[in-house]
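Residues per chain are reported as follows:
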Amino acid sequence: ETGVTQTPRHLVMGMTNKKSLKCEQHLGHNAMYWYKQSAKKPLELMFVYNFKEQTENNSVPSRFSPECPNSSHLFLHLHTLQPEDSALYLCASSHPGQGQETQYFGPGTRLLVL
Amino acid sequence: AQSVTQLDSQVPVFEEAPVELRCNYSSSVSVYLFWYVQYPNQGLQLLLKYLSGSTLVKGINGFEAEFNKSQTSFHLRKPSVHISDTAEYFCAVSDRSKGKLIFGQGTELSVKP
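Residues numbered from 1 in each chain as written. Chains lettered and ligands numbered in written order. Predicted model: local features only at pLDDT ≥ 70, side-chain atom pairs only at ≥ 80, totals over all residues. Heavy atoms only, no water.

K.L.:
What am I meant to see in the layout of surface pockets here?
P.N.:
Empty space among the atoms becomes apparent when a probe as large as a water molecule is rolled across them. The computed volume of the largest pocket comes to approximately 660 Å³. Considering the residues around the largest pocket, the lining is formed by 29 residues, among which A:Gln37, A:Arg110, B:Gln38, B:Glu88 and B:Phe90 are closest to the centre. Residue contributions to the lining of the largest pocket peak at three residues, all from strand 10 (residues 87-95) of chain B. Taken together, the residues that form the lining of the largest pocket break down as nine nonpolar, 14 polar and six charged. Taken as a whole, the second largest pocket holds about 340 Å³ of empty space. Lining the second largest pocket are 18 residues, and of these A:Leu43, A:Glu44, A:Leu45, A:Met46 and A:Asn58 sit closest to its centre. The set of elements that each furnish at least two residues to the lining of the second largest pocket consists of strand 5 (44-50) of chain A together with strand 11 (101-103) of chain B. (1 Å grid on protein atoms, 1.4 Å probe; cavity = no way out; pocket = protein on both sides within 12 Å on 5 of 7 lines; lining within 4 Å. Points joined across faces, edges and corners; volume = space filled by probe spheres on them. Helix = DSSP H or I, 4+ residues; strand = E, 2+ residues; numbered from the N terminus. Nonpolar A, V, L, I, M, F, W, Y, C, P; charged D, E, K, R; others polar.)

Given below as structure tokens:
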């Protein structure tokens, strides 16, 4: 497989459930990102990892917990979510640098919280 | 802090017509500028980016954009659109020190036959 893959593609969960989103990149990158895409709103950067270290947490509630075990894999652990957390969650990767790098996105996980 | 404004949320256009999608940004520091496209049920894909040099940037699928520093704009253009260009288009900026992408709200381009 090539590029950035995300699983699952769709997820429905209750507010008391615990689930995890998975992202894998096959591009040899060392920076990975989680974004939230809600309808009619700009993409919101949630977390950034460079060389497995978290370098950005954009004031994300603690019910979202990221994990980056290696440069190729990124997880987003979800627990006690709220209905307003329903959105498309996008993962991206790039070479680390100072802003000029292209980010490569996965297809996203569409999350519905009931 | 940077911000990006995409002036049109929806742009309907007929096939083979020209199109311009508008993007304005604000920043107190030098920035890099990007246009990404999102086709239905897919992630974002880079169309083009401005880093430095010539202000006219050519991208994939026949798109181009012009960086205008005085007007803080980076409008995207295509002289003749196809049905397959129907998608959502996002303008983004990143500052040259932090490297964080800030996206606009998106413009939905709808190409009709």
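K.L.:
Got a minute to help me understand the sheet that holds strand 8 (residues 73-79) of chain A in this structure?
P.N.:
Two pairing modes exist for strands in a sheet, parallel and antiparallel, and in both the strands are linked by backbone hydrogen bonds. All names here are of chain A. Ordered in space as 1-3-8-7, the four strands form an open sheet in which the pairing is antiparallel. Edge positions in the open sheet fall to strand 1 (4-7) and strand 7 (64-70), since each of these has one partner strand only. Between one strand and the next, the sheet's axes are offset by a mean angle of 20°, whatever the strand orientation. The pairing of strand 1 with strand 3 (residues 18-25) spans four bridges and is antiparallel. Each bridged residue has a counterpart across the sheet, and for Gln-6 the counterpart in strand 3 is Cys-23. (Pairing = 2+ DSSP bridges. Axes fitted to C-alpha atoms, helices over the stretch in contact; angles between N-to-C directions.)

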